[in-house]
Amino acid sequence: MENAARQATRLEAIHGRYDPWLLAASVALACVGVVMVGSASLGVANTHDVGPFYFLTRHLMFLAVGLGLALWLMRTELKTIEQHNQWLLLVCVVLLVAVFVPGVSRQVNGARRWINLGVIGFQAVEAVKLLYIIWLASYLKRFSEDISATWGAMLKPIGVAIVLVGLLLMQPDFGSSSLLLAITAGMLVLGGVNMPRMFGPVLIGLPILAVIAIAEPYRVIRLTSFMDPWRDPFGTGYQLTNALMAVGRGEWTGVGLGASVQKLSYLPEAHTDFIMAVIAEEFGFVGVCGVVGLYALLSGRALWIGLKCVEMRRHFSGYVAFGIALWMSLQSFVSIGVNLGLLPTKGLTLPMISSGGSSVLMSCAALGVLLRVSYELDRAQRQVARLRGEAAGGAPAAASPAPAAAAAGAARGTSRLRDRVEPSLGRTA
């Protein structure tokens, strides 16, 4: 008994390390965001008759608060977060309902998406993205066996997503609705859902989304102007034509930092939705590839960490990593696609780069959770290595991992360390 207590104490004394690739990609994106918000917001600040560094100062303030939030989450045990998963889902609903309450919400450009916090307006859906991913990760862990075997277990998270999407469409926010549905489908596939069953809801949902997309006249205008923005360059195609001119001026290496012309009151929302066009103009094809590479590194590393977590039966951590990776990759893909004229105009920001309080805060929070996942994964791997080394008679675990694992299994009998769960990733048996 005393030996077991000493062993537990030794294991608890082992600390993990935050993944350096995730940390480097996150810091690099934040630095790019600071530089580009400072550059892209000069024309916008002049239009709003504020100081030239007003939007940069505002961005830095939100980034500082987001950094504090990320550091807090990086030091919070994931099991503590998981314990409150049901409350997090309730908070999602409350936030999306609050935008319709008079006196609490703030209406901007005819859309009710912001909660009035006095000094600032907070966009509710930004918090919902992270909270919903945490709830869905917990659900997939608790029903990991049923999710691939029964219709009910698969349809429940889809039903929850439909409720949230319904509230989003009432704001209206079609872009975030589509993103939330895509994250749900991706996490279900990575969680091992039976793929033939998944085809049914997808085949039903896609036509419904198409009908919703063309039900509103302004969405139809966006779709038609996206197909040929030069037909009405001073009307419906104004945003996209100016974005394409900015991209074209950049050529291979760009016109130089601060030398963009399109950001000077020509390109609307140059510091938020269309900041990628300014990057393309000032840094060219090389700059665009650099930003895309950072998002690819961030998302790819998050998926790899999630896979390693699932292999070690740390399913909640793995699914959280999968969800955040899907969020960052899909939102950045849509935002970049809009700026390059590949997708219809949507009001989705570029995570960690675009100016915007709610987006910056919740992107920092998501990356804080993701770094915590990497920390706990590394800690678990070190603890397993210690146990295997002790079971092998104190031999260094790194010297011969295969014999150490065999010896550990022999010493503990039917150890769960030998019987790993392989993620199905949507494959059927």
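Residues numbered from 1 in each chain as written. Predicted model: local features only at pLDDT ≥ 70, side-chain atom pairs only at ≥ 80, totals over all residues. Heavy atoms only, no water.

- Looking up the protein chain in an unreviewed UniProt entry gives the name Probable peptidoglycan glycosyltransferase FtsW, with the organism given as Lysobacter enzymogenes.
- Here is the UniProt Function (unreviewed entry) comment for the protein chain, exactly as written: "Peptidoglycan polymerase that is essential for cell division."
- Within the UniProt record for the protein chain, the comment given under Pathway (unreviewed entry) is "Cell wall biogenesis; peptidoglycan biosynthesis." (UniProt positions renumbered as here; feature names shortened; annotations may be inferred.)

### Here we look at helix 14 (residues 357–391)
Side chains of residues three or four places apart in an α-helix project in the same direction, reflecting 3.6 residues per turn.
Turning to step 1, where the next piece is worked out: Taking 1.5 Å of rise per residue, the 35 residues of helix 14 would be expected to cover 51 Å, and the 51 Å separating its terminal C-alpha atoms lies within 8% of that figure.
Turning to step 2, where the next piece is worked out: For helix 14, the buried fraction is high: 26 of the 35 residues fall into the buried class. (Helix = DSSP H or I, 4+ residues; strand = E, 2+ residues; numbered from the N terminus. Expected span 1.5 Å × (residues − 1). Buried < 20%, exposed > 50% of the residue type's maximum accessible area, 1.4 Å probe, protein only.)

### Things to note about a nonpolar patch on the surface
Turning to step 1, where the next piece is worked out: Together, Val35, Leu257 and Phe283 give the surface a local cluster of nonpolar side chains, amounting to about 250 Å² of exposed area.
Turning to step 2, where the next piece is worked out: Among the structural elements, Leu257 can be located in the loop between helix 11 (238–250) and helix 12 (275–311).
Turning to step 3, where the next piece is worked out: Owing to a relative accessible area of 52%, Leu257 belongs among the exposed residues under this scheme. (Patch = residues over 30% accessible without salt bridge, like charges linked within 9 Å, V, L, I, M, F, W, Y side chains within 5 Å. Areas by Shrake-Rupley, 256 points an atom, 1.4 Å probe, with all protein chains shown as cover. Salt bridge = Lys/Arg side-chain N within 4 Å of Asp/Glu carboxyl O.)

### Quick notes on unusual backbone geometry
Turning to step 1, where the next piece is worked out: For the bond running from Gln171 to Pro172, omega is 0°, close enough to zero to count as cis.
Turning to step 2, where the next piece is worked out: Here the phi dihedral of Glu269 falls at roughly 50°; this positive angle occurs in a residue that is not glycine.
Turning to step 3, where the next piece is worked out: Residue position: Glu269 is located in the loop between helix 11 and helix 12.
Turning to step 4, where the next piece is worked out: Non-glycine residue Arg313 carries a positive phi angle of around 65°.

### Describing the environment of Thr345
Turning to step 1, where the next piece is worked out: Structurally, the position occupied by Thr345 is in the loop between helix 13 (315–339) and helix 14.
Turning to step 2, where the next piece is worked out: A residue is classified by how much of its surface remains accessible, and Thr345, at 17% relative accessible area, is buried.
Turning to step 3, where the next piece is worked out: Along the primary structure Thr345 and Phe274 are separated by 71 residues, whereas in three dimensions their C-alpha atoms are 9.8 Å apart.
Turning to step 4, where the next piece is worked out: If sequence neighbours within four positions are ignored, Thr345 has contacts with Arg222, Gln239, Phe274 and Val338. (Contact = heavy atoms within 4.5 Å.)

### Some points on the packing of helix 8 (residues 174–190) against helix 13
Turning to step 1, where the next piece is worked out: Where helix 8 meets helix 13, the axes come as close as 9 Å, and the angle between the chain directions of the two elements is 140°. Taken together, the axes of helix 8 and helix 13 lie oblique to each other. Viewed along their axes, helix 8 and helix 13 form a crossing whose handedness is right-handed. In contact with Leu179, Ala182, Ile183, Gly186, Met187 and Leu190 of helix 8, helix 13 contributes Tyr319, Phe322, Gly323, Leu326, Trp327, Leu330 and Gln331.
Turning to step 2, where the next piece is worked out: In terms of residue class, the contact of helix 8 with helix 13 is built from 10 nonpolar, three polar and no charged. (Axes fitted to C-alpha atoms, helices over the stretch in contact; angles between N-to-C directions. Parallel < 35°, antiparallel > 145°, perpendicular 65-115°, else oblique. Left-handed = near helix turned anticlockwise from the far one by under 90°. Nonpolar A, V, L, I, M, F, W, Y, C, P; charged D, E, K, R; others polar.)

### Considering the side chain of Glu282
Turning to step 1, where the next piece is worked out: Relative to the helices and strands, Glu282 is located in helix 12.
Turning to step 2, where the next piece is worked out: A relative accessible area of 1% places Glu282 in the buried class.
Turning to step 3, where the next piece is worked out: At a separation of 3.1 Å, a polar atom in the side chain of Glu282 contacts the side chain of Lys263. (Polar contact = N/O pair within 3.5 Å; in protein donor to acceptor, adjacent residues only side chain to side chain.)

### A few points about the nonpolar core
Turning to step 1, where the next piece is worked out: Formed by 105 residues in total, the largest nonpolar core has its most connected members in Tyr132, Met187, Ile324 and Trp327.
Turning to step 2, where the next piece is worked out: Ranked by residue count, the leading element in this core is helix 12, at 15 residues.
Turning to step 3, where the next piece is worked out: When sequence neighbours within four positions are dropped, the list of residues in contact with Met187 reads Ile133, Leu136, Ala137, Leu140, Tyr319, Gly323 and Leu326. (Core = buried A, V, L, I, M, F, W, Y, C linked by side-chain atoms within 4.5 Å.)

### Quick word on the packing of aromatic side chains
Turning to step 1, where the next piece is worked out: This model, assessed by the stated rule, comprises seven aromatic pairs.
Turning to step 2, where the next piece is worked out: Aromatic side chains Trp135 and Tyr139 sit 5.5 Å apart centroid to centroid with 25° between the ring planes, which places their arrangement in the stacked category. Here the residue Trp135 and the residue Tyr139 both occupy positions in helix 6 (residues 124–142), the gap between them amounting to four residues, near one helical turn.
Turning to step 3, where the next piece is worked out: Residue Trp135 is classed as buried on the basis of its relative accessible area of 1%.
Turning to step 4, where the next piece is worked out: Taking relative accessible area as the criterion, Tyr139 reaches 2% and is therefore assigned buried.
Turning to step 5, where the next piece is worked out: With a centroid separation of 4.7 Å and an interplanar angle of 35°, the aromatic rings of Tyr139 and Phe143 are classed as tilted.
Turning to step 6, where the next piece is worked out: By the ring-pair criterion, three or more aromatic residues cluster together here, those being Tyr132, Trp135, Tyr139 and Phe143.
Turning to step 7, where the next piece is worked out: Sitting over the face of the ring of Trp304, Arg301 holds its NZ or CZ atom 4.5 Å from the ring centroid. (Phe/Tyr/Trp six-rings, centres within 6.5 Å; stacked < 30°, edge-to-face > 60°. Lys NZ or Arg CZ within 6 Å of the ring centre and 35° of its normal.)

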